[in-house]
Amino acid sequence: MRVLLVGAGGVGTALTRVAARRAFFETMVVADHDPVRAEAAVAALDGDGRFLAARVDAGDEAAVAALLARHRCDMLVNATDPRFVMPLFRAARAAGTGYLDMAMSLSRPHAERPYEECGVKLGDEQFAEAADWAGAGTLALVGMGVEPGLSDVFARYAADELFDEIEEIGVRDGANLTVDGYDFAPSFSIWTTIEECLNPPVVYEADRGWFTTAPFSEPEVFEFPEGIGPVECVNVEHEEVLLVPRWVDARRVTFKYGLGEEFVRTLKTLHALGLDRTDPVTVPGASGPVSVSPRDVVAACLPDPATLGGRMRGKTCAGTWVRGVKDGAAREVYLYHVVDNQWSMAEYGCQAVVWQTAVQPVVALELLATGAWSGTGVRGPEAFPARPFLDLLTEYGSPWGLREQ
């Protein structure tokens, strides 16, 4: 397998460090708009000749397609933020290569009823082109990070092996991470965090379909494993709710994120001030007026999450809570994956959240390379058998857990 990885930020760099320990691929081209970042990611791999650095603008479809052709790549892996999903998705389709991302195409709220009805849903633009991908015999594996990604694999595993009927699948994400020296320092891309937390959350119910609610709605306290403990979780827009019902039969699907009161208050303040906006505003500059996105300014003012590992303490947990019926009896489980920041820093030099996100697409790529997973069209992780993924994840040295509730 020959891979083009676009994006050499925290997740992209962590992905290269995980992949460097595996033998399933021939070449991985690490490309970024900033060639210094791409070169640094490759240089950290101790001369592994399978990795090459390149410069590319993720928004330039022709340039990305040309890079795919130049290196005879089989797969494009998208490790950029969601703004670049569709340009990279289309570039891979134009080049006739497979495609994998960790976040799907962006949503747009309903114009009149944003907190009741869906407008454009996450992934709608990609699924609209599913027939073209299937007709060409190529695969776009969408939402293959940790959440979405591993959480969807857990949903498929629960449906296949743990339940006869599923009442509800609820992804629950929580952590007890702290960052020394910072009052507010998100452990993941603030651009993406603002997008998913301030958009109307989507809920799925079998008799109603997809609908929306208000941001941060339906708070609940969820007990996370391995010492993390109770964390208040709230509804957040996330891909699993749009993916799981396409392949897994469940009466209700939700996603709740353990943000914490201070984090929610900060996000609400950014929204009140208009600093969550992505459309440019004009501000004075040394050489005249400058057009800049307020959200990009917020991101530039905060520390790069990839650099925070040495200051971080604690664990992060991604997981899928499922309730239903097995052999005529009620059952409730939580399938989870915990990463301790101390371990990920010592083992890979990557902070826990970006490492947990990055390891999942590498596992998926290996399954595709070996033929354990195969398919065409636009598919989510739950479209494939779960057991091979979970077994290989454990082989990577990062086991998952199951807790009866």
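Residues numbered from 1 in each chain as written. Predicted model: local features only at pLDDT ≥ 70, side-chain atom pairs only at ≥ 80, totals over all residues. Heavy atoms only, no water.

Peer 1: Tell me about the nonpolar core, and name the residues and values.
Peer 2: Membership of the largest hydrophobic core comes to 118 residues, with the highest contact counts inside it found for Leu-4, Tyr-99, Trp-373 and Phe-389. Per element, the largest residue contribution to this core is 11 residues, and it comes from helix α13 (residues 352-370). Not counting residues within four places of it along the chain, the set of residues in contact with Leu-4 comprises Val-29, Ala-31, Val-64, Leu-67, Leu-68, Cys-73, Met-75, Leu-76 and Val-77. Membership of the second largest hydrophobic core comes to 10 residues, among which are Phe-222, Cys-317, Tyr-334 and Tyr-336. (Core = buried A, V, L, I, M, F, W, Y, C linked by side-chain atoms within 4.5 Å. Buried < 20%, exposed > 50% of the residue type's maximum accessible area, 1.4 Å probe, protein only. Helix = DSSP H or I, 4+ residues; strand = E, 2+ residues; numbered from the N terminus. Contact = heavy atoms within 4.5 Å.)

Peer 1: Tell me about unusual backbone geometry, residues and numbers included.
Peer 2: With omega at 0°, the peptide bond leading from Glu-147 into Pro-148 counts as cis. Looking at the element boundaries, Pro-148 is found in the loop between β6 (139-141) and α7 (150-162). In this structure, Arg-72 takes a positive phi of about 50° despite not being glycine. Positionally, Arg-72 belongs in the loop between α3 (61-70) and β4 (75-78). For Arg-72, a relative accessible area of 54% gives the class exposed. Even without being glycine, Glu-218 reaches a positive phi, approximately 50°. Topologically, Glu-218 is positioned in the loop between β10 (209-212) and β11 (220-224).

Peer 1: Pulling in residues and values, what's your account of the packing of α13 against helix α14 (residues 386-395)?
Peer 2: For the pair α13 and α14, interaxial distance at closest approach is 10 Å and the crossing angle is 120°. In terms of their interaxial angle, α13 and α14 are classed as oblique. The two elements α13 and α14 cross, and the hand of that crossing is right-handed. Here Val-359, Gln-360, Val-363, Ala-364, Glu-366 and Leu-367 of α13 come into contact with α14, specifically with Pro-388, Phe-389, Leu-392 and Leu-393. The class makeup of the residues in the contact of α13 with α14 is eight nonpolar, one polar and one charged. (Axes fitted to C-alpha atoms, helices over the stretch in contact; angles between N-to-C directions. Parallel < 35°, antiparallel > 145°, perpendicular 65-115°, else oblique. Left-handed = near helix turned anticlockwise from the far one by under 90°. Nonpolar A, V, L, I, M, F, W, Y, C, P; charged D, E, K, R; others polar.)

Peer 1: Provide a residue-level description of empty space enclosed by the protein, including the pertinent values.
Peer 2: One pass over the structure, following the stated rule, counts one cavity of 30 Å³ or more. Size it by volume and the largest cavity reaches roughly 80 Å³. Lining of the largest cavity is provided by 13 residues; of these, Ser-107, Val-120, Val-202, Thr-212 and Glu-237 occupy positions nearest its centre. (1 Å grid on protein atoms, 1.4 Å probe; cavity = no way out; pocket = protein on both sides within 12 Å on 5 of 7 lines; lining within 4 Å. Points joined across faces, edges and corners; volume = space filled by probe spheres on them.)

Peer 1: Just give me the short version of the sheet that holds strand β19 (residues 377-379), but keep the residues and values in it.
Peer 2: Read across the open sheet, the seven strands follow the order β3-β2-β1-β4-β5-β6-β19; overall the sheet is parallel. Of all strands in the sheet, those bounded by a partner on one side alone are β3 (51-55) and β19. Ignoring which end each strand starts from, the neighbouring axes of this sheet average 20° apart. Across four bridges, the pairing between strand β1 (residues 2-6) and β4 is parallel. When the bridges of β4 are listed, Val-3 appears paired with Met-75. (Pairing = 2+ DSSP bridges.)

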